[in-house]
Each structure stands twice: as structure tokens, then as C-alpha cells.
Amino acid sequence: MFSFFKSKQSKQNRIIEFLSNQVVVDIHSHLLPGIDDGSPDTETSLFLIEELQNIGFKKLITTPHIRMEVYPNTPTIIREKLAIVKEAAIQKGLKIELEASSEYYIDDNFTELLQNEDIIPFPQPRYILAEYPMIAPLMNFEQRVFEMTKRGYTPIIAHPERYRYWHKSPEAFARLKDLGCLLQLNILAIEGYYGPDIKDCAKYLLKNNLYDFVGTDLHHERHLGRLKKLTEMSKEMQLLEKYDFKNKNFFSNS
Ligand SMILES: [Fe+2]
């Protein structure tokens, strides 16, 4: 009876244990109010941030979109919103650390921002979270990577498993690593949120040790619900738990 109770308890807490001990820092989310397709207002931001704290994270590096035609954000806008949310989080008594960078859509506009050094990279080191088109690959993606690395930035490719055009040529992922990119898994890909083919690709990348980081890419409460569901998925949790993600490196107290 006791062991049944114990196993049920640990099963319930499995995602919390994984996030609080092995991940610690979420490096991809959309939690700043009203500037992209994530949180619409400060109240929602605080709710999502508190939930992420409750589920085990000790620090969030949130990453609003910068994509000029759709989300024309700037480092100034992002820093201003971060300051508002940080202050509100302190007032609410939240302990979680908050920082911000951006998820950059890689296009000609991004190249211009790079040339002007108008970038909000990760605080330390100079990482850039980079998003590629979903429908078709960039013709010159190697050149785009080089544009970043020659300026001393290291690209973190956001959710590579979601780029279906590479599913049939997975050597592209190893090529990105050879070019100096780091790869970030969307944790909900393993839960199956984006579909079975994307889950299979994420498993392939895990098994071949090609990921460096994991992120929630959290936009709203539905994502939170699916994240919590992972606790009941023993095989998927095992895959995640045995992987050596590097997120903790962003946590100063670790
Ligand atoms: Fe994202």
C-alpha cells in the first residue's frame, strides 16, 4: 500500500523533479505582455510565470518574437516590458529569476539588425535564439549561420524537430552542429503536441545526442496543461531524464 502510494506520488511529481533538478532554466517562451502571440497582458504573464515556477523552473529567459512584418519588436521594447513584468512579479512575491532575449526569425531584416548590432542576445554568452521558416528551408542557411558566428554570436536553432523539410534529410541537423549551431528541443514535441512525425524527429535528435538545450516555447495556458501531462508519460520522461541538457549553465547559482 505504502509503495503504491509512494510510486503514485513520485509519478505525480516526475515533471517537476525533472524541471527543477535537471533543467532549472527555461530558455524559450513568450511571456512578455502584448508584444507577440504569447501572453496578452501583465496579469496573464504573472499567471504563466507563477505556474512555471510551481512546475520547477528557477529562472526564465523569455524570448518574444522579432519578425519585422508580424512582430516588429526591438531590444528597447523588450527591456521595457521585462522591467514591468519583473516589478509586478516582485510585488506578487515570485522568487523566480526573469531575463529576456528574443526569438529571431531569420530573414533579410535579421541580417540588417545584425549589421547594425541592434540585437538583444542572451545575457551570457552571446547566444541568439534563431527561428527558421516552417514551410521551406532557407536557400542560404549556411551563409545565415556564418553571418552570426563571424560577429561572435552562437546561434541556438529553435525547435529543429518542427522543420518538416529536414525530416527526410536528417544529415542537415548534424550539418548545423558542424557549422557551430546549438539545437533546442521544444519539450512539447516529445509529448506529441505538434504531431507524431515531429515527435519521431525529436526522438531521433535525442537518440543521436544532437540537442544542447530544452525549452517550453510556452505561449499560453494550453501549453502548460500539455507540459504537465508529460508526468504520466513514462517512456517519454525516461528519454528526457537520461539526456544531458545544458540549460543549467544559464543559472548563476548552480
Ligand atoms: Fe517560440
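On a predicted model such as this, the values are computed, not experimentally measured, just so you know.

## Remarks on the coordination of the iron ion
In the first shell of the iron ion, the protein supplies H28 (NE2), H30 (NE2), E103 (OE) and D217 (OD), at 2.1 to 2.2 Å from the metal. We classify H28 as buried; its relative accessible area is 0%. On the accessibility criterion, E103 (0% relative accessible area) is buried.

## Brief notes about the confidence of the model for the chain
When the pLDDT values of the chain are averaged, the result is 94; 94% of them are 70 or greater. Contacts for the low-pLDDT stretch residues 1-6, under 50 throughout, to residues beyond four places or in other chains number zero contacts.

## Brief notes about the packing of aromatic side chains
Within the structure shown, the criterion is met by 17 aromatic pairs. Centre to centre, the rings of F18 and F245 are 6.5 Å apart; their planes meet at 70°, and the pair counts as edge-to-face. Linking F18 in helix α2 (residues 14-23) with F245 in the segment after α11 (234-241), this pair joins segments that are 227 residues apart in sequence. A relative accessible area of 2% means that F18 is categorised as buried. Judged by relative accessible area, F245 falls into the buried class, the value being 6%.

## Some points on the state of the cysteines
Summed over all chains, the structure comprises zero disulfides. No disulfide involves C181; its sulfur sits 15 Å from that of C201, the nearest cysteine. Accessibility expressed as a relative area gives 2% for C181, which makes it buried. Residue class for C201 comes out buried when judged on its relative accessible area of 7%.

## Describing the environment of I35
Position of I35 among the secondary structure elements: in the loop between β1 (25-26) and α3 (42-54). You can call I35 buried: its relative accessible area is 11%. Taking the C-alpha atoms as reference points, I35 and K81, 46 residues apart in sequence, are found 8.6 Å from one another. Among residues more than four places away in sequence, those in contact with I35 are P64, Y71, N73, I77, I78 and K81.

## Considerations on the side chain of H30
With respect to the helices, strands and loops of the structure, H30 is situated in the loop between β1 and α3. You can call H30 buried: its relative accessible area is 0%. A distance of 2.7 Å separates polar atoms of two side chains, one belonging to H30 and the other to D36. Of the polar contacts made by the side chain of H30, one reaches the side chain of E103; its length is 3.1 Å. Apart from residues lying up to four places away in sequence, H30 is in contact with D36, D37, G38, S39, T62, T63, P64, H65, E103, D217, L218 and H219.

## A word on the packing of α2 against α11
Contact geometry of α2 with α11 gives a least axis separation of 11 Å together with a crossing angle of 10°. Considered as vectors, α2 and α11 are oriented roughly parallel to each other. Contact residues: α2 offers R14, I15, F18 and Q22, while α11 offers S234, M237, Q238, L240 and E241. When grouped by side-chain class, the residues that make up the contact of α2 with α11 number four nonpolar, three polar and two charged.

## Digging into the sheet that holds strand β2 (residues 59-62)
Reading across the sheet, the three strands line up as β1-β2-β4 and stay open at both edges, with parallel pairing between neighbours. The strands lining the two open edges of the sheet, one partner per strand, are β1 and β4 (97-100). By the bridge criterion, four bridges tie β2 to β4 in an arrangement that is parallel. Note on β4: the bridge partner recorded for K59 is E97.

Thresholds applied
Residues numbered from 1 in each chain as written. Predicted model: local features only at pLDDT ≥ 70, side-chain atom pairs only at ≥ 80, totals over all residues. Heavy atoms only, no water. Donors = N, O, S within 2.8 Å, 3.2 Å for Na, K, Ca; no water. Buried < 20%, exposed > 50% of the residue type's maximum accessible area, 1.4 Å probe, protein only. pLDDT = per-residue confidence, 0-100. Contact = heavy atoms within 4.5 Å. Phe/Tyr/Trp six-rings, centres within 6.5 Å; stacked < 30°, edge-to-face > 60°. Helix = DSSP H or I, 4+ residues; strand = E, 2+ residues; numbered from the N terminus. Disulfide = S-S within 2.5 Å. Polar contact = N/O pair within 3.5 Å; in protein donor to acceptor, adjacent residues only side chain to side chain. Axes fitted to C-alpha atoms, helices over the stretch in contact; angles between N-to-C directions. Parallel < 35°, antiparallel > 145°, perpendicular 65-115°, else oblique. Nonpolar A, V, L, I, M, F, W, Y, C, P; charged D, E, K, R; others polar. Pairing = 2+ DSSP bridges.

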